[in-house]
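Structural overview
These are the residues of each chain, in order.
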Amino acid sequence: MAGFGFRRGGKSATDEPLSAEQVWSRLLAWQTRREHTQHELKAKLSQLGVTSELAEQSLAKLVDYGLQDDDRCAEGIVRGQLQRGRGRRAIAQRLQQKGLAAEHPALDEQTENLDWVKEAATLLQRRFGDTPIDDPKAQAKRVRFLQYRGFSLTQAIEAMKSLKSN
């Protein structure tokens, strides 16, 4: 397929390796767009064929300048997932996907005073409105929805009970 000379993606095997300056430039560009974890940046660099030694040096420089911080990134991930109505399990899974510990301190810090049942009930109200939940199929649908969002079975059942009592 003929193109306009533009390539999407990384370098091909026949291209020459990236220099240290090019690696640094790529890292800055990626971090400018959004906060990345070191794990994500290493994966992106390895896809470009950057040696692990050069990647480690460049990432260390990025950390030294304060441009990359896994803790800051974890805080942003937790905050974003909470705003999207995710439960603790879903947030922990997202942290793991980004190469961070599932039980990162940021998760505990931002959720220590959080009432998960209330959060689940709010999410149910927002998603399903005031439709009755007397039908067993409707109840099962809501429980599955909350479990998919990372809430436990207990939290889902308690959230439905709190909505029924209101």
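In case you missed it, the structure is sitting above this.
Scope of this entry: the structure provided in the associated data block. Every value quoted in this text rests on a predicted model; they were computed, and no experiment measured them.

Moving on, we come to the packing of helix 4 (residues 70-83) against helix 5 (residues 88-97). Closest axis-to-axis distance for the helix 4/helix 5 pair is 10 Å, and the angle between their directions is 145°. As for the relative orientation of helix 4 and helix 5, their crossing is right-handed in sense. Seen from helix 4, the contacting residues are Ala 74, Ile 77, Val 78, Gln 81 and Leu 82; seen from helix 5, they are Ile 91, Arg 94 and Leu 95. Tallied by class, residues from the contact of helix 4 with helix 5 come to six nonpolar, one polar and one charged.

Here the largest pocket defines a volume of roughly 220 Å³. Surrounding the largest pocket, Arg 34, Glu 35, Glu 40, Arg 72, Cys 73, Gly 76, Ile 77, Gly 80, Gln 81, Arg 84, Arg 94 and Lys 98 form its lining. If you tally residues by element for the lining of the largest pocket, the top one is helix 4, at six residues. Of the residues that constitute the lining of the largest pocket, the class distribution is two nonpolar, three polar and seven charged.

With 25 residues, the main nonpolar core has Leu 95, Leu 124 and Leu 146 as its most contacted residues. Counting residues per element, this core draws most heavily on helix 7 (residues 116-128), at six residues. Residues in contact with Leu 95, not counting those within four places in the same chain, are Ala 74, Ile 77, Val 78, Leu 100, Ala 101, Ala 102, His 104 and Leu 107.

The next point concerns the packing of aromatic side chains. Two descriptors summarise a pair of aromatic rings, namely the distance from one centre to the other and the angle between the planes of the rings. Counted by the stated rule, this structure contains three aromatic pairs. Aromatic pair Trp 116 and Phe 151: ring centres 6.1 Å apart, planes at 70°, arrangement edge-to-face. Of this pair, Trp 116 sits in helix 7 while Phe 151 sits in the loop between helix 8 (136-148) and helix 9 (153-165), and the two are 35 residues apart along the sequence. Exposure remark for Trp 116: the relative accessible area of 12% places this residue in the buried category. Given a relative accessible area of 1%, Phe 151 falls into the buried group. Judged by centre distance (5.5 Å) and plane angle (85°), the rings of Phe 128 and Phe 145 are edge-to-face.

Rules of the game
Residues numbered from 1 in each chain as written. Predicted model: local features only at pLDDT ≥ 70, side-chain atom pairs only at ≥ 80, totals over all residues. Heavy atoms only, no water. Axes fitted to C-alpha atoms, helices over the stretch in contact; angles between N-to-C directions. Helix = DSSP H or I, 4+ residues; strand = E, 2+ residues; numbered from the N terminus. Left-handed = near helix turned anticlockwise from the far one by under 90°. Contact = heavy atoms within 4.5 Å. Nonpolar A, V, L, I, M, F, W, Y, C, P; charged D, E, K, R; others polar. 1 Å grid on protein atoms, 1.4 Å probe; cavity = no way out; pocket = protein on both sides within 12 Å on 5 of 7 lines; lining within 4 Å. Points joined across faces, edges and corners; volume = space filled by probe spheres on them. Core = buried A, V, L, I, M, F, W, Y, C linked by side-chain atoms within 4.5 Å. Buried < 20%, exposed > 50% of the residue type's maximum accessible area, 1.4 Å probe, protein only. Phe/Tyr/Trp six-rings, centres within 6.5 Å; stacked < 30°, edge-to-face > 60°.

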